[in-house]
Amino acid sequence: MLDDGTMVLSVKEFTEQVEDALTGCPSLCGIGVCGEVTKITVQHKSAYMDWIFFSLREGEGRDECSLRVAVFKSVTRLTYLPQEGDEVIVLGSVSISRKQSSYQIKGEDIIPYGEGARAAALQLLTERLRNEGLFNQHRPLPRFPRRIAVVTSPTGAVWHDICDKVAATFPALTLVCVPAQVQGANAVPSLVNAVQRAQTVGADVIIIARGGGSKEDLDCFNSEELARVIYASTIPTVSAVGHEVDHSLSDDVADVSASTPTSAAVIVTREAAMEAARLDGIEQYFHSEMKKLIERRERQLVLLEKDVQLNSPKNRILRWEQSLSQFSESISHSIHRKLDNSEHALQKYAQSVSDLNPMSILSRGYSTATHNGKTVRSASDLSVGDVIDVTFNKGSVSAAVKEVKD
């Protein structure tokens, strides 16, 4: 003790007093502490006994508080093993570690709390349904469905997304919306009733669909009642709840699980869309081939028409008439040409004859003399006193020879 009366304790003494104060405090014995599990480790002591060490955390940043927990686990006693991030309640009492001069909770049991409790309950339900065989039903979807029932909210984006996708991939398909509440206190009975009604609308497939949301929003799709109704459906079912990262019991019990509602629309129409595309390809091929055949036949028909026109009796007669006309014209030209040539030759001959005609000569001032009907060719042919006939171009005279000159 110091002169001023201050009590001085050793580390051991101080630690023992703190331990006595804490362990002797009734409010700190047999208590429950809740928080988020972090830094969990398990030390195996034997096949039946383990020590589980973790921290319970609360708050963020400067407001964060942390408490160490040690739990002795016997597999015959502790039924719940927490995971990192679980919210739990640890039942136990405070204890002191003298070596480290730190306090912790020595736990006797661990109870799920909040999300942890829901997760634990869902895990137990999942295992129970799995053991009953509800996850083993995987009926094939019809290859060519004609009608699909969609259990969802008729006012949400999911219904419109599915309609748009089906219209783009297989527009011949008929979609029937079976309205249901997809979140809230009345969602489970509404969904159960909708799945049952969907089996009465003549559908070949039922899609149970909802868009993304929080765990609380999607919790209705983890309902045991809904899971059993989906499993009991007489029509193949497709579960499409939330986004790709979300998972629910309805995904496990349905015949097919789709990552999103749009993916569900693709899955149920895939075979039909592929077959429709194949038939479209065949139709386009035959259309192309038929078009080529028609064009080829049209060309042949044009050639045939030309040939028929060329060899028709009418055209033959016309060609004969043309040939006859050409032949007639040729003969006419030939005759005219020969007549012209003959006329020209005749004119030349006539000119020659004209030139040799005595009368023609007489017309130029000459005259002819005849004696006793014979042409006098020389003066020696006559004698004085002979009577001669002298012929002129116009007229003639008789004369007597008075003198003969050589």
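Residues numbered from 1 in each chain as written. Predicted model: local features only at pLDDT ≥ 70, side-chain atom pairs only at ≥ 80, totals over all residues. Heavy atoms only, no water.

Novice: Would you mind going over the overall build of the chain with me for this structure?
Specialist: Counting its secondary structure elements, the chain contains 10 helices and 14 strands. For the chain, whose C-alpha radius of gyration is 66 Å, the value lies well above the compact-globule estimate of 22 Å for 406 residues. With the C-alpha coordinates of the chain rotated into their principal frame, the extents come out at 225 × 70 × 40 Å. The burial tally for the chain puts 30% of its 406 residues in the buried class. Element-wise, carbon and sulfur atoms account for 55% of the exposed surface of the chain, whose accessible area totals about 26,400 Å². (Helix = DSSP H or I, 4+ residues; strand = E, 2+ residues; numbered from the N terminus. Rg over C-alpha atoms; globule rule 2.2 N^0.38 Å. Buried < 20%, exposed > 50% of the residue type's maximum accessible area, 1.4 Å probe, protein only. Areas by Shrake-Rupley, 256 points an atom, 1.4 Å probe, with all protein chains shown as cover.)

Novice: What is the right way to look at helix α8 (residues 261–311) in this model?
Specialist: Helical periodicity: at 3.6 residues per turn, an α-helix aligns residues three or four positions apart in one direction. Taking 1.5 Å of rise per residue, the 51 residues of α8 would be expected to cover 75 Å, and the 72 Å separating its terminal C-alpha atoms lies within 8% of that figure. At T269, α8 shows its maximal kink, close to 55 degrees. Burial in α8 covers these residues: P261, A264, A265, V268, T269, A272 and A273. Close packing links the buried residues of α8 with β6 (147–152), α3 (157–169), β8 (205–210) and β9 (237–241). (Expected span 1.5 Å × (residues − 1). Bend = angle between axes of the 7 residues up to and from the residue. Contact = heavy atoms within 4.5 Å.)

Novice: How should I be thinking about the pairing of strand β4 (residues 87–97) in this particular structure?
Specialist: Moving residue by residue along a regular strand, the side chains alternate between the two faces of the sheet. Relative to β4, strand β1 (residues 31–44) is paired through 6 bridges, and the arrangement is antiparallel. Its bridge partner lying in β4, C34 is registered against I89. Pairing geometry for β4 and strand β5 (residues 102–112), over 10 bridges, is antiparallel. Bridge assignment links L91 to a residue of β5, and that residue is D109. From the end of β4 to the start of β5, which pair antiparallel, there are 4 residues, and S101 there has a positive phi angle of about 50 degrees. (Pairing = 2+ DSSP bridges.)

Novice: Can you help me understand the sheet that holds strand β11 (residues 368–371) in this one?
Specialist: Adjacent strands of a sheet pair through backbone hydrogen bonds, lying either parallel or antiparallel. Strand order in the open sheet formed by 4 strands is β12-β11-β13-β14, and the pairing between neighbours is antiparallel. Single-partner strands in this sheet number two, and they are β12 (374–375) and β14 (396–400). Where β11 lies against β12, 2 bridges are found, and the strand directions are antiparallel. Following the sheet pairing, H371 is matched in β12 by K374.

Novice: How should I be thinking about the side chain of S95 in this particular structure?
Specialist: Along the chain, S95 falls in strand β4. Residue S95 is classed as buried on the basis of its relative accessible area of 17%. S95 has contacts with S102, Y103, Q104 and K106, leaving out every residue within four places of it along the chain.

Novice: Sorry, what's going on with the pairing of β14 here?
Specialist: Bridging between strand β13 (residues 387–391) and β14 involves 5 bridges; their strand directions are antiparallel. Its bridge partner lying in β14, I388 is registered against A399.

Novice: Where do I start with the nonpolar core in this structure?
Specialist: Proteins that are soluble and globular tend to have nonpolar side chains buried together. V151, L191 and F221 are the most contacted members of the largest nonpolar core, which has 31 residues in total. Elements with a contribution of two residues or more to this core: α2 (115–132), β6, α4 (187–198), β8, α6 (224–231) and α7 (249–253). Here the element with the most residues in this core is α4; it accounts for 7 residues. The residues touching V151, leaving out its near neighbours within four places in the chain, are V178, A180, L191, A194, V195, A198, I206, I207, I208 and A209. Listed in part, the 19 residues of the second largest apolar core include I148, V150, V158 and A264. (Core = buried A, V, L, I, M, F, W, Y, C linked by side-chain atoms within 4.5 Å.)

Novice: Where do I start with the packing of aromatic side chains in this structure?
Specialist: Describing an aromatic ring pair means giving the distance of the ring centres and the angle of the ring planes. For the coordinates displayed, the defined rule picks out 3 aromatic pairs. Aromatic side chains Y285 and F286 sit 5.6 Å apart centroid to centroid with 70 degrees between the ring planes, which places their arrangement in the edge-to-face category. Each member of the pair, Y285 together with F286, is exposed. Put simply, the rings of W51, F53 and F72 touch in pairs and so form one group of aromatic residues. (Phe/Tyr/Trp six-rings, centres within 6.5 Å; stacked < 30°, edge-to-face > 60°.)

Novice: Would you explain α6 in this entry?
Specialist: Of all the residues in α6, the buried ones are L226, A227, V229 and I230. Take α6 and look down its axis: the buried residues cluster within an arc of 165 degrees, on one side only. Where α6 begins, the side chain of S223 points an oxygen toward the backbone nitrogen of E225, at a separation of 3.2 Å. (Arc of directions from axis to C-beta. Polar contact = N/O pair within 3.5 Å; in protein donor to acceptor, adjacent residues only side chain to side chain.)

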